[in-house]
Amino acid sequence: MRVSLLALGAGLVLASLPAASDAQRADNDILPRSIALQKQGEEAQGMGDLNGAIDYYESALAADPRNRSAIIALAQVARAQGLPGKAIGLYREALLLEPNDVTALVGQGQALAEKGAIELAREKLAAAQRVCSDKCPQVAALEKAIAASVSKRVVAAEAIAPKPVVTTVTREQN
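Residues numbered from 1 in each chain as written. Predicted model: local features only at pLDDT ≥ 70, side-chain atom pairs only at ≥ 80, totals over all residues. Heavy atoms only, no water.

Trainee: Residues and numbers for the environment of Leu142, please.
Mentor: Among the secondary structure elements, Leu142 is positioned in helix H8 (residues 137-160). Taking relative accessible area as the criterion, Leu142 reaches 0% and is therefore assigned buried. Residues Leu142 and Lys124, 18 residues apart in the sequence, show an inter-C-alpha distance of 8.9 Å. Those residues within four positions of Leu142 in sequence are excluded, and the remaining contacts are Val106, Gly109, Gln110, Ala121, Lys124 and Leu125. (Helix = DSSP H or I, 4+ residues; strand = E, 2+ residues; numbered from the N terminus. Buried < 20%, exposed > 50% of the residue type's maximum accessible area, 1.4 Å probe, protein only. Contact = heavy atoms within 4.5 Å.)

Okay, here's the thing in structure tokens:
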């Protein structure tokens, strides 16, 4: 009786070992269902249906949370909707999965520049330049976004600041 229970327990342990090793996948091995949903999201985004695209991208992430491309696509939709803060957080999630993703670094830098965080955007620019050994078009786009954001801030400050009024006061002599 004791031997059969022991054998049964050992059999259960051995039977569960291959199942545990099958559950582990490579980081870049994204489930096909997630990729298919992402493609549908790209089609919806291409047709201008941003809400439909968000639904597909979120479904793709529910199918496989490691789908970095779907996270980046969601961040791009957030930027298109004028939500740079949400985009920054989504790009951060993508960078947690792959810290050297140039697309995520540049996207986050552009969103930071849109938000007015110029110094943080410059940090992302430096990181993207380190990762991208050649002259990447994404890095050039981030440089332009930072320059445009800096010029917008100056113009906005000039619009808010009151213009000095110069009046001449003459004194009458007695």
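Trainee: Run through the state of the cysteines, naming residues and quoting values.
Mentor: Using the criterion set out here, one finds one disulfide in the structure. Note that Cys132 is cross-linked by a disulfide to Cys136, the S-S spacing being 1.2 Å. Disulfide Cys132 to Cys136: torsion about the S-S bond roughly 60°, handedness right-handed. Take Cys136: its relative accessible area is 13%, and that puts it in the buried class. (Disulfide = S-S within 2.5 Å.)

Trainee: Residues and numbers for helix H6 (residues 102-115), please.
Mentor: The terminal C-alpha atoms of H6 lie 20 Å apart, and with 14 residues this matches the ideal 20 Å at 1.5 Å per residue to within 8%. Buried residues dominate H6, accounting for eleven of its 14 residues. Within H6 the residues assigned to the buried category are Val102, Ala104, Leu105, Val106, Gly107, Gln108, Gly109, Gln110, Ala111, Leu112 and Ala113. A side-chain oxygen of the first residue of H6 lies 3.0 Å from the backbone nitrogen of Thr103; this N-cap is Asp101. Backbone geometry just downstream of H6 places Gly116 in the positive-phi region, at approximately 100°. (Expected span 1.5 Å × (residues − 1). Polar contact = N/O pair within 3.5 Å; in protein donor to acceptor, adjacent residues only side chain to side chain.)

The values reported here are purely geometric and, on their own, carry no functional implication.
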